[in-house]
Amino acid sequence: MLCLHKPEDVSNVPELIPQILRTDSTGIPLEWIGHQEAARLISLDMVQYAFGRIVTRLHGGINAFSQQQSTLDINAILVTRGRNREYDKGRFIPPLSNNTLFRRDENLCLYCGKQYPKQQLSRDHVRPLSQGGRDHWKNVVTACKRCNNHKADRTPEEANMKLLAIPFVPNYAEYIYLQGRHIIADQMEFLLNHFPKNSPLRQRVKIRLGKS
Ligand SMILES: [Zn+2]
C-alpha cells in the first residue's frame, strides 16, 4: 500500500502542484483531480496510461527486502478506464456558474470592455429574464455592476449599449479549461485539440502557449 506524502520540496506550497487532468478511455477530458486522487486511481488499476510531464513524485513505504523506498510518479494527464457517453454527439451543456462565466469572458465587462476583479462583476442576461430571456450560456455575459445597473431590464439595443462579443456555450474541453488552475503546457495543448475549430478561447490559449 502506497503512503501518500507530499514531496519535500513543495510541501509548504501545495497549491503550486498542478492539478492532474483525467480523461476517459477515449481521451475525452473529464475533470481535474488532485495528486492523491490520481494515486488512488493508479493503485486501483483504473489508469490505462499516463502521459505529459511528471507533476509530482509521491513517496511510499520502505521495501523490507530491498530497503528501497517506493515512489510513484504522477503525470499531467491520466487516461482512465470507462467511457463517458454524456459528451457524445455534442449534447453536453456545462452547468452555468458565475466563476466559469467570468473566466469565459476573461473578467471583461462585455459592455465597457474593462477588466475587473470578480467581486465587481455580475451576470447580465442579454435578453432580460423579464422579457423571456433564458438563464443560459448563450444569453448571459459578464458585466461590471455599473454597466449591469445601467442596462437594467433592457436589451442592449433598448439600452443603446453595444455587446462586445457573442456569448457562447463552452464545449466539454473548453469547460475543463475554464475550471483549471495552474494548467501546464502539456495539458493546455491536449485540451486545445478538443476545442471547436472556431473557439474564441483558441487564441487565448495559443498566446499562453507562446504560439500566437
Ligand atoms: Zn462595464
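## Some words on the overall build of the protein chain
Turning to step 1, where the next piece is worked out: The helix and strand inventory of the protein chain stands at seven helices and six strands.
Turning to step 2, where the next piece is worked out: Order of helices (α) and strands (β) in the protein chain, N terminus to C terminus: β-β-α-β-β-α-β-β-α-α-α-α-α.
Turning to step 3, where the next piece is worked out: On C-alpha atoms alone, the protein chain measures out to a radius of gyration of 21 Å, which is more than a quarter above the 17 Å that the 2.2 N^0.38 rule sets for 212 residues.
Turning to step 4, where the next piece is worked out: Considered along the principal axes of its C-alpha atoms, the protein chain spans approximately 80 × 40 × 35 Å.
Turning to step 5, where the next piece is worked out: Within the protein chain, the fraction of its 212 residues that count as buried is 23%.

## A few points about the sheet that holds strand β1 (residues 20-23)
Turning to step 1, where the next piece is worked out: The four strands lie next to each other as β2-β1-β4-β3, forming an open sheet whose pairing is mixed. The sheet is open, and its two borders are formed by β2 (29-33) and β3 (47-62), each paired with just one other strand. On average, adjacent strands in this sheet sit at an angle of 40 degrees to one another, irrespective of strand direction.
Turning to step 2, where the next piece is worked out: Where β1 meets strand β4 (residues 69-80), three bridges bridge the pair, whose relative direction is parallel. Of the residues in β4, the one forming a bridge with T23 is V79.
Turning to step 3, where the next piece is worked out: Contacting β1, β2, β3 and β4, helix α6 (residues 185-192) runs over the sheet at an angle of about 25 degrees to β4.

## Points about unusual backbone geometry
Turning to step 1, where the next piece is worked out: One non-glycine residue, D45, adopts positive backbone phi at about 60 degrees.
Turning to step 2, where the next piece is worked out: You can see D45 is positioned in the loop between α1 (35-43) and β3.

## Section: the domain arrangement of the protein chain
A common way to report how large an interface is uses the accessible area buried once the components associate.
Turning to step 1, where the next piece is worked out: Entries for the protein chain in the domain assignment read domain 1 (8-90 + 172-208) and domain 2 (98-159).
Turning to step 2, where the next piece is worked out: When each unit is reduced to the centre of its C-alpha atoms, the spacing between domain 1 and domain 2 is 32 Å.

## A closer look at α1
Turning to step 1, where the next piece is worked out: Of the residues making up α1, those classed as buried are H35, A38 and A39. Down the axis of α1, the buried side of the element spans an arc of 100 degrees, and every buried residue falls inside it.
Turning to step 2, where the next piece is worked out: Buried residues belonging to α1 abut β1, β2, β3 and β4.
Turning to step 3, where the next piece is worked out: D45 lies just past α1 and shows a positive phi near 60 degrees.

## What about the pairing of β2?
Turning to step 1, where the next piece is worked out: Where β1 meets β2, four bridges bridge the pair, whose relative direction is antiparallel. Note on β2: the bridge partner recorded for R22 is E31.
Turning to step 2, where the next piece is worked out: In this structure, the hairpin formed by β1 and β2 is closed by a connection of five residues, where G27 is found at a positive phi of approximately 90 degrees.

## A look at the confidence of the model for the protein chain
Turning to step 1, where the next piece is worked out: Per-chain confidence: the protein chain averages 89 in pLDDT, with 91% of residues scoring 70 or above.
Turning to step 2, where the next piece is worked out: Long-range and interchain partners of residues 1-13, a stretch whose pLDDT sits below 50, account for 19 contacts in this model, where long-range means more than four residues apart.

## A few points about the nonpolar core
Turning to step 1, where the next piece is worked out: Of all hydrophobic cores here, the largest spans 19 residues; its most connected members are I20, I74, I176 and Y177.
Turning to step 2, where the next piece is worked out: For this core, the elements supplying multiple residues, two or more each, are β1, α1, β3, β4, α5 (172-179) and α6.
Turning to step 3, where the next piece is worked out: No other element matches the five residues that α5 contributes to this core.
Turning to step 4, where the next piece is worked out: When residues no more than four places from it in sequence are discounted, the contact partners of Y177 are I183, L191 and L201.
Turning to step 5, where the next piece is worked out: With twelve residues, the next largest nonpolar core counts L101, C109, L121 and V141 among its residues.

What counts and what doesn't
- One numbering rule holds for all chains: residues counted from 1, following each sequence as written.
- Only residues with pLDDT of 70 or above have their local features reported here, since the model is predicted, and side-chain atom pairs are shown and tallied only from 80 upward, although totals for entire chains, interfaces and linings are computed over all residues.
- A run of H or I in DSSP becomes a helix once it reaches four residues, and a run of E becomes a strand once it reaches two; helices and strands are each numbered from the N terminus.
- Within these notes, the globule rule equals 2.2 Å times the number of residues to the 0.38 power, and the radius of gyration is based on C-alpha atoms.
- Residue burial here comes from a neighbour count, namely the number of other C-beta atoms, placed from the backbone, that lie within 10 Å of the residue's own C-beta, with 20 or more meaning buried, 12 or fewer meaning exposed, and in between meaning partly exposed.
- Strands are labelled as partners when DSSP assigns at least two bridges between them.
- Orientation is described by axes fitted as lines to C-alpha atoms, over the contacting stretch for helices, and by angles from 0 to 180 degrees between their N-to-C directions.
- Two residues qualify as a contact pair if the distance between their C-beta atoms, derived from the backbone, is within 7 Å.
- Boundaries of every domain are those given by an automatic assignment or by a domain database.
- Directions drawn from the helix axis to the C-beta atoms are what define this arc.
- Values of pLDDT, the confidence the predictor places in each residue, fall between 0 and 100.
- As used throughout, a nonpolar core is a set of buried Ala, Val, Leu, Ile, Met, Phe, Trp, Tyr and Cys residues joined through C-beta atoms within 7 Å of each other.

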